[in-house]
Amino acid sequence: MKLYNSLTRTKEDFVPITEGKVTMYHCGPTVYDYIHIGNLRSFFMGDILRRTFEFLGYDVKQVMNITDIGHLVSDGDEGNDKMTKALKRHNMEITLENMLKIADFYADAFKEDLKNLNILTPHVMPKASQHILEDIELVKKLEEKGYTYRTSDGIYFDTSKMKDYGKLGGIQRKDRQGRIEENTEKKHPADFALWKFDEKNGWPSPWGQGFPGWHIECSGMSMKYLGETIDIHTGGKDLKPVHHNNEIAQSECATGKQFVRYWLHGEFLNINGEKLSKSKGGNITLRTLEEKGFSPLALRYLYLQAHYRSPMNFSWEILEGAEKGLKRIYRTIRDLKGKTEGKVLRENSSFVERFKEALEDDFNTAEALAVLHTLLKSDISDEEKLGTALLFDRVLGLELDEMSEKNEEEEETLPEELTQLLQERARAREAKDWETSDALRAKINEMGYSVADVNGEQIVQKKNT
Ligand code: AMP
Ligand code: ZN
């Protein structure tokens, strides 16, 4: 197994700490809103790592945190606190209790998204709010070893005390870290908060009431569930310069041991060539997709088409293409099922080998999909084709078995009344009669279907119940 390690900037052979086992930590979401399909690409990457390792016979332990706390004050380390923004958006008083309530709501929505994208639930999904003591212990260790200092708003990590600070790259010690209000009491621009004071809200600590810094949470949770040194840590590439360098700094200075052996970073999902992000108004969530009638698995199929270290461009047309391609695969699987009924399925070792080779090359899912396509077009027996495709799906996670049947039901039961409504709606849209078009859409929705207009075509889909 070869993987690209951001720490050494090379493709390396993967050698686990314990033979046959993999410990992995993924930086999870801050649950202040529904997450967008850019965030989901990063979490999908974690799923591919886990499924690949399991496919190759490794015993995987996977942890993904949920950041359910903010600082409830606008702070210099990260700009405006996201959880505070969420409370304001919901017109809720800024209290710890309300913050946890909002976070729970969006954490549930996040877990729902993972399920819909067929992302396997990580073995542990710790919440930051339930690990304050672990964070405090770490800060205490750093304090004892002389890595910290106090300012009027918190306890800070002194980056000048660590020789190889920033070894992951992307940051210089002189880099300014705060995006909005810089804390002028910091000794060096790259120093970061380990604990932030908050007299009104927050948890008690030896230094005063407040909140742990964002970076320390990940170190605390990773060490608690996976030990002081782990095999793999992942996140989107934006986390690399600051968050991950800071995780390394505080963890390695506290324990004296290497924190993570392999750092893997995912490229962005872009829209019009720019990173999809909430602040740029690109707030496309799985809910948006479903409202437009797309299946979340079409997005999964789209993600699979690019290597995780390649930027991926998103547009509705591209997604529509993916959905059509996926449906073609479902139809092929359905045909194969019909032809092989009652027969024993087998796996074709040469195709399995090619599939493994693709994944062992730094999780090349694009190549793995190409192997699936070649397999389906090949002239090997139907039993082997189907058996091998279903085996591949343990990694691809496209639900080939279940969805190929579901698809058939949906196609067969498209009611006549619905077809008529769609025709009427097409005529209304041609005449630019938007009012009638909307009224017809409402009727179609009432019938349990959604309709999206893509490239002048109506795409209709049964809503998930
Ligand atoms: P956040 O909640 O902002 O910390 O983001 C959660 C995860 O999503 C992090 O791993 C980010 O790197 C990742 N992420 C954010 N935007 C994108 C994007 N447009 N494409 C891919 N990953 C992203
Ligand atoms: Zn993290």
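## Thoughts on the sheet that holds strand S6 (residues 154-157)
Reading across from one edge, S5-S6-S7-S8 is the order of the four strands in this open sheet, with antiparallel pairing throughout. The outermost strands of the open sheet, each flanked by one partner alone, are strand S5 (148-151) and strand S8 (210-212). Neighbour-to-neighbour, the strand axes of the sheet open up by a mean angle of 25°, direction not taken into account. Here strand S7 (residues 192-197) pairs with S8 via three bridges, running antiparallel. Bridge assignment links Lys196 to a residue of S8, and that residue is Phe211.

## Section: the site of ligand 1
Around ligand 1, the structure places 17 residues, and the nearest of them are Ser42, Gly236, Asp238, Leu269 and Leu276. Between Lys82 and ligand 1, the recorded distance is 3.3 Å, taken from a side-chain N or O atom to an oxygen atom. The contact in question runs from an oxygen atom of ligand 1 to an N or O atom on the side chain of Asp238, over 2.3 Å. Here ligand 1 has 490 Å² of accessible area as a free molecule, and 93% of this is covered by the chains. Top contributing element to the shell around ligand 1 by residue count: helix H1 (residues 37-55), with four residues. Partitioning the shell around ligand 1 into residue classes produces six nonpolar, seven polar and four charged.

## Details of the environment of Glu446
Mapped onto the fold, Glu446 is located in helix H15 (residues 434-446). As a C-alpha pair, Glu446 and Ile94 span 352 residues in sequence and 39 Å in three-dimensional space.

## Quick notes on the domain arrangement of the chain
Each assigned domain of the chain is listed here: domain 1 (2-266), domain 2 (271-412) and domain 3 (416-462). Relative placement of domain 1 and domain 3: their C-alpha centres are 45 Å apart.

## So, the coordination of the zinc ion (ligand 2)
With distances of 2.1 to 2.8 Å, the protein atoms coordinating the zinc ion (ligand 2) are Cys27 (SG), Cys218 (SG), His243 (NE2) and Glu247 (OE). Coordination at the zinc ion (ligand 2) is irregular: its four donor atoms span angles of 69 to 130° at the metal. Mapped onto the sequence, the residues coordinating the zinc ion (ligand 2) show the spacing C-x190-C-x24-H-x3-E. Note that His243 and Glu247 are positioned in helix H6 (residues 240-255) at a spacing of four residues, about one turn of the helix. By the burial criterion, His243 is buried, and Glu247 matches it.

## Focus: the sheet that holds strand S12 (residues 274-275)
Spatial ordering of the open sheet is given by S12-S11-S13, a layout of three strands whose pairing is mixed. The sheet is open, and its two edges are formed by S12 and strand S13 (312-313), each paired on a single side. Strand direction decides the pairing type here: strand S11 (residues 269-271) and S13, joined by two bridges, are parallel. Within the sheet, the bridge partner assigned to Leu269 lies in S13 and is Met312.

## Examining the pattern of salt bridges
All told, the structure shown has 24 salt bridges when counted by the stated rule. Between Asp158 and Lys161 there is a salt bridge, and its shortest N-O distance comes to 3.7 Å. Classification of Asp158 as buried rests on a relative accessible area of 3%. Under the relative-accessibility criterion, Lys161 is labelled partly exposed at 45%. Between Asp401 and Lys337 there is a salt bridge, with the nearest N and O atoms lying 2.5 Å from each other.

## Describing the pairing of strand S10 (residues 260-266)
Judged by how many residues are buried, S10 sits mostly within the fold: six of seven residues are covered. Of the strand pairs in this sheet, strand S9 (residues 230-236) and S10 are connected by six bridges, and their pairing is parallel. In the strand pairing of S10, Gly235 is matched with His265. With H6 bridging S9 and its parallel neighbour S10, the resulting β-α-β unit is right-handed.

## Thoughts on the packing of aromatic side chains
Under the counting rule described, the total for this entry stands at 21 aromatic pairs. Ring centres of Tyr34 and Phe105 lie 6.2 Å apart, and the angle between their planes is 65°; this geometry places the pair in the edge-to-face category. Note that Tyr34 is positioned in the loop between strand S3 (21-26) and H1 and Phe105 in helix H3 (residues 96-116), a separation of 71 residues in sequence. For Tyr34, a relative accessible area of 27% corresponds to the partly exposed category. Overall, the relative accessible area of 44% leaves Phe105 in the partly exposed class. With a centroid separation of 5.3 Å and an interplanar angle of 80°, the aromatic rings of Phe314 and Trp316 are classed as edge-to-face. Its relative accessible area of 3% is what places Phe314 among the buried residues. Put simply, the rings of Phe14, Phe53, Tyr58, Tyr262, Tyr308 and Phe363 pair up and form one aromatic cluster.

Definitions and limits used
- Residues numbered from 1 in each chain as written.
- Chains lettered and ligands numbered in written order.
- Predicted model: local features only at pLDDT ≥ 70, side-chain atom pairs only at ≥ 80, totals over all residues.
- Heavy atoms only, no water.
- Pairing = 2+ DSSP bridges.
- Helix = DSSP H or I, 4+ residues; strand = E, 2+ residues; numbered from the N terminus.
- Axes fitted to C-alpha atoms, helices over the stretch in contact; angles between N-to-C directions.
- Near = heavy atom within 4 Å.
- Polar contact = N/O pair within 3.5 Å; in protein donor to acceptor, adjacent residues only side chain to side chain.
- Areas by Shrake-Rupley, 256 points an atom, 1.4 Å probe, with all protein chains shown as cover.
- Nonpolar A, V, L, I, M, F, W, Y, C, P; charged D, E, K, R; others polar.
- Domains from an automatic or database assignment.
- Donors = N, O, S within 2.8 Å, 3.2 Å for Na, K, Ca; no water.
- Tetrahedral: all angles 85-135°; square planar, octahedral: opposite > 155°, others 65-115°.
- Buried < 20%, exposed > 50% of the residue type's maximum accessible area, 1.4 Å probe, protein only.
- Salt bridge = Lys/Arg side-chain N within 4 Å of Asp/Glu carboxyl O.
- Right-handed = clockwise from strand over helix to strand, strands pointing away.
- Phe/Tyr/Trp six-rings, centres within 6.5 Å; stacked < 30°, edge-to-face > 60°.

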